[in-house]
Amino acid sequence: MNASKNPIPARQKGFNRAEVVDANFTEFVDGWQGNAHAAPRDDAPVLPGSDLDARGFRDLFESQLISRHLDLMARVLRVQNKVFYTIGSTGHEGNSMVARLTRHTDPAFLHYRSGAFMAERFRKLPGMDPVMDSALSFAASKDDPASGGRHKVWGSKPLWVLPQTSTIASHLPKALGTAIAIEQAQRIGHRLPVPNDSIAICSFGDASSNHATAQTAFNAAAWTAYQKLPAPVLFVCEDNGIGISVKTPGGWIANNFRDRKDLDYFYADGLDLAEGYAQVARAVAHCRGTRRPTFLHLRTTRLTGHAGTDFEIEWRSIEELVALEATDPLLRSAAIALESGLYTKPSLLALYEATRKRCFAAADEADQRPKLESLAAVMQPLAPYTPKAVAAEASRAADAAKRAAVFGGAEKLPENLPPRHLALVINSALHDLMAKYPESLLFGEDVAQKGGVYTVTKGLNKTFKGARVFNTLLDETTILGLAQGYANMGMLPIPEIQYLAYFHNACDQIRGEAASLQFFSNDQYRNPLLMRVASLGYQKGFGGHFHNDNSITALRDIPGLVVGCPSRGDDAAMMLRTLAALCKVDGRVCALLEPIALYMTKDLYEHGDGQWQFAYPAPEQAMTLGEGRVYHEGADDLVIFTFGNGVPMALRAARTIEQQHGWKVRIVDLRWLAPLNDAFIAAQAKTARRIIVLDEGRKSAGVGEGVITAIVEAGLGGTPIKRVVGADTYTPLAGAALLVLPGDADVVAAANSLAEPEFASKANSSRTTRKSTKS
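Residues numbered from 1 in each chain as written. Predicted model: local features only at pLDDT ≥ 70, side-chain atom pairs only at ≥ 80, totals over all residues. Heavy atoms only, no water.

### Brief notes about the environment of A727
When you line up the elements, A727 lands in the loop between β19 (721-726) and α27 (744-755). Its relative accessible area of 30% is what places A727 among the partly exposed residues. As a C-alpha pair, A727 and G697 span 30 residues in sequence and 8.0 Å in three-dimensional space. If we skip the residues at most four places from it in the chain, A727 touches R698, K699 and V740. (Helix = DSSP H or I, 4+ residues; strand = E, 2+ residues; numbered from the N terminus. Buried < 20%, exposed > 50% of the residue type's maximum accessible area, 1.4 Å probe, protein only. Contact = heavy atoms within 4.5 Å.)

Structure representation (structure tokens):
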């Protein structure tokens with residue numbers, strides 16, 4: 001078809017390009033005038049010179065047809081409210097070759113135009129139905145085997161396709177992490193859930209390849225290969241030349257990736273099965289054989305727009321659309337089918353229509369299947385929690401002989417040592433965890449030989465060696481991508497983020513990827529990880545915003561994420577045990593915010609008192625998720641809710657308040673910031689005559705808001721309340737930092753204001769809260 005020379009038939013000028021593409025196939029087959037060969041044997045080349053045999057072609061072609069008719073079905077039934085997703089795979093059906101040439105045990109991280117890949121991979125195991133499974137997903141049915149109706153995702157537990165949502169390119173770092181994990185597991189003696197020579201497959205579009213997250217993955221892959229370390233990931237760039245409406249410059253993908261060192265480039269024609277099959281095979285064989293990161297540039301095209309709501313005819317010329325539609329890979333496959341003699345025109349059209357009928361029949365059945373109809377059903381896989389099993393796991397100590405070997409003898413066991421400060425207790429707790437879990441890995445920036453910026457990981461590399469405790473490149477997105485990969489392969493990753501401010505560079509690896517996997521896979525896949533983050537403000541002599549970040553909101557807002565924040569060493573040790581148990585038992589994604597300013601703090605009230613050092617808890621001691629710590633139980637004149645640095649601050653302020661007002665002051669250390677234990681907060685507030693909420697985070701959307709909400713919703717809003725909180729600003733350098741963060745004096749001032757008779761009178765009459773000048 002040559003749009004520049006021949007007039008465009010009226011039929012091809014239609015508004016609905018899905019209908020045009022559909023009709024093009026029938027018209028092409030009806031009008032085919034080529035010469036047919038004698039049908040080849042199943043094991044013979046489908047066409048002379050092709051590496052693809054006849055059996056393989058038939059399977060691939062049928063997978064292409066299934067993908068195409070699922071797309072066409074979705075466009076028709078979306079307007080009837082029977083289907084809820086119309087981003088299609090039309091034009092990308094060549095990715096079926098990648099599925100055929102890889103194994104169903106090769107973990108796959110797919111982008112949304114992977115219908116043909118999935119249809120072909122379904123052939124790998126008997127008794128599976130790509131049409132019905134896909135129809136259930138399109139219909140958002142509760143019976144959808146991939147996500148249980150929570151999203152239209154390409155996923156399958158038995159086929160090792162881990163469901164992906166649509167954040168741009170955010171799945172590339174964890175695909176690389178999975179590839180590296182396949183090799184790392186063998187170095188530490190961990191038994192893999194997939195064969196040892198598996199590869200990780202990761203597909204994405206040409207436009208997505210420009211995203212910072214994608215570039216992170218490419219760089220980290222090359223950084224790994226440069227050091228002669230294996231990273232068997234197959235990056236499949238499905239190049240259709242456009243991202244929604246933004247065109248990729250011609251030749252950009254080839255020119256950008258062809259000559260990159262340590263990222264091995266291969267090209268394949270995804271529009272032609274006979275031509276592209278051998279090209280794809282070479283890339284797959286190279287990746288599996290060399291264990292090097294491999295970039296497969298797969299030529300595709302995008303037909304029928306980005307999604308059902310994208311009416312390309314409104315912004316692209318009809319001539320351009322017709323020219324694109326002439327490159328439809330199914331037209332080339334139809335020509336191969338007829339030329340090879342495998343099909344006649346009538347048998348080919350019959351197959352085409354039978355596939356359509358099959359897809360619509362499956363959609364009709366899926367429409368009748370149950371949907372998610374309650375909040376509990378929707379949230380069921382998001383944050384599983386089995387308290388008894390978690391408690392049992394958390395209190396299970398490592399083997400006594402192994403502990404003695406790790407710590408250098410029974411007399412050096414940490415529980416036999418005198419009280420110590422936070423950093424040292426965390427260090428001992430990490431030694432204990434790694435002795436308990438031989439599949440655990442600790443990694444991040446500067447954590448190995450140096451032992452971390454604050455020496456919290458000192459000695460771990462020497463004790464557990466470089467295969468389990470190691471430095472990464474300086475990139476938080478890669479660190480968290482690695483963590484997900486290790487978790488996918490059954491290990492327990494303990495990544496360190498050097499500063500809380502650095503987490504924000506990579507937040508989507510937790511928000512959009514790690515924390516969402518259980519939800520979007522209906523708890524079939526889990527990627528448990530325990531992220532440690534040096535956090536919060538008040539660091540002396542070494543400051544500024546990036547080393548004194550008090551922005552906690554971005555973490556608390558992530559569905560399903562567990563966030564703990566200890567203020568003292570013994571709590572930190574027990575919280576680490578509980579968090580690790582949550583990972584192992586319930587597959588949870590967890591974060592421990594370690595207050596930097598308390599790492600080395602030994603004293604509480606005055607220099608040399610040693611009252612902020614604590615004994616190491618026995619290895620059988622753990623802590624229940626949500627369990628707080630209460631100081632001065634039964635003191636009701638004033639209750640201060642706080643966490644982290646606020647705990648010693650509140651204890652110091654309480655002394656002054658007791659001296660000035662004669663009040664008995666109770667301090668409530670929340671310890672767990674997500675989820676907040678509303679019942680615990682309400683129980684502590686119930687008997688309080690006055691309340692201060694001390695939140696070292698920022699005023700807006702901080703932890704304090706959640707605490708006050710829990711109090712008010714418990715019907716206790718009439719209790720006079722003051723909030724002492726950080727300002728909504730960045731943390732400046734040196735002493736100026738203390739102007740924007742709460743201090744001891746601010747807590748005392750808030751108590752003084754609560755002592756004013758008129759405040760209590762107004763609070764009781766209006767049942768409202770007022771904010772302190774500090775808030």
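Back to the write-up after that little detour.
### Some words on the side chain of H171
Position of H171 among the secondary structure elements: in the loop between α5 (130-138) and α6 (172-188). Classification of H171 by relative accessible area gives buried; the value is 6%.

### Focus on the sheet that holds strand β14 (residues 629-631)
Spatial ordering of the open sheet is given by β14-β16-β15-β18-β19, a layout of 5 strands whose pairing is mixed. The open sheet has two edge strands, β14 and β19, and neither has a second partner. Going across the sheet, the axis of each strand differs from the next one's by a mean of 20°, ignoring polarity. In the sheet, β14 pairs with strand β16 (residues 665-669) via 3 bridges, with the strands oriented antiparallel. Residue pairing for β16: R629 is matched across the bridge by D669. Those strands touched by helix α25 (residues 678-686) are β14, β15 (638-642), β16 and β18 (691-698), and its axis lies near 160° from that of β15. (Pairing = 2+ DSSP bridges. Axes fitted to C-alpha atoms, helices over the stretch in contact; angles between N-to-C directions.)

### Comments concerning the pattern of salt bridges
Note on pairing: side chains with opposite charge can pair once their charged atoms come close. The tally for this structure, following the rule as stated, stands at 45 salt bridges. D636 is paired through a salt bridge with R666; the nearest N and O atoms lie 2.4 Å apart. Within this pair, whereas D636 is found in the loop between β14 and β15, its partner R666 is found in strand β16, the two being separated by 30 residues in sequence. Under the relative-accessibility criterion, R666 is labelled buried at 3%. One salt-bridge network, held together by shared partners, links R568, D570, D571, E627, R629 and R671. (Salt bridge = Lys/Arg side-chain N within 4 Å of Asp/Glu carboxyl O.)

### Some details on the environment of K152
Its location among the elements puts K152 in the loop between α5 and α6. With a relative accessible area of 7%, K152 lands in the buried category. Remark: the alpha-carbon pair of K152 and F138, spanning 14 residues in sequence, is separated by 5.8 Å. Not counting residues within four places of it along the chain, the set of residues in contact with K152 comprises Y85, S137 and F138.

### Considerations on the sheet that holds strand β2 (residues 200-205)
Two orientations exist for strands paired in a sheet by backbone hydrogen bonds: parallel and antiparallel. Here 5 strands make up an open sheet; going across it, the order is β1-β2-β3-β7-β6 and the pairing parallel. Each edge of the sheet is formed by a strand with only one pairing partner; in this case those strands are β1 (108-109) and β6 (264-269). With 6 bridges joining them, β2 and strand β3 (residues 233-239) adopt parallel strand pairing. Across the sheet, S203 pairs through a bridge with V236, a residue of β3. Packing against the sheet, α6 makes contact with β1, β2 and β3, and its axis sits at approximately 165° to β2. Taken strand by strand, helix α9 (residues 273-290) contacts β3, β6 and β7 (294-299), and its axis lies near 160° from that of β6.

### Focus on the nonpolar core
With 165 residues, the main nonpolar core has F235, F295, I510, M531 and F641 as its most contacted residues. Of the residues forming this core, the biggest block, 10 residues, is contributed by helix α23 (residues 569-586). Residues W32, L110, L234 and A335 belong to the second largest nonpolar core, which totals 52 residues. (Core = buried A, V, L, I, M, F, W, Y, C linked by side-chain atoms within 4.5 Å.)

### Observations regarding the confidence of the model for the chain
Any residue range with low pLDDT should be treated as having predicted coordinates unsuitable for detailed reading. Averaged over the chain, the pLDDT score is 93; the fraction of residues at 70 or greater is 96%. Long-range and interchain partners of residues 762-775, a stretch whose pLDDT sits below 50, account for 30 contacts in this model, where long-range means more than four residues apart. (pLDDT = per-residue confidence, 0-100.)

### Observations regarding the packing of helix α16 (residues 422-436) against α23
Contact pair α16 / α23: the axes reach a minimum separation of 8 Å and the direction vectors enclose 30°. For the element pair α16 / α23, the angle class is roughly parallel. The two elements α16 and α23 meet at a crossing, and its hand is right-handed. Contacts from L422, V425, I426, A429, L430, D432 and L433 of α16 reach α23 at G569, D570, A572, A573, L576, R577 and A580. (Parallel < 35°, antiparallel > 145°, perpendicular 65-115°, else oblique. Left-handed = near helix turned anticlockwise from the far one by under 90°.)

### A word on the pairing of β16
On a regular strand, each side chain points to the face opposite its neighbour's, so the side chains alternate between the two faces of the sheet. Most of β16 is tucked away: 5 of the 5 residues are buried. Residues V665, I667 and D669 line one face of β16 and the alternating positions R666 and V668 line the opposite face, and both faces are buried. Pairing of β15 with β16, which is carried by 5 bridges, proceeds in the parallel orientation. Bridge assignment links I640 to a residue of β16, and that residue is I667.

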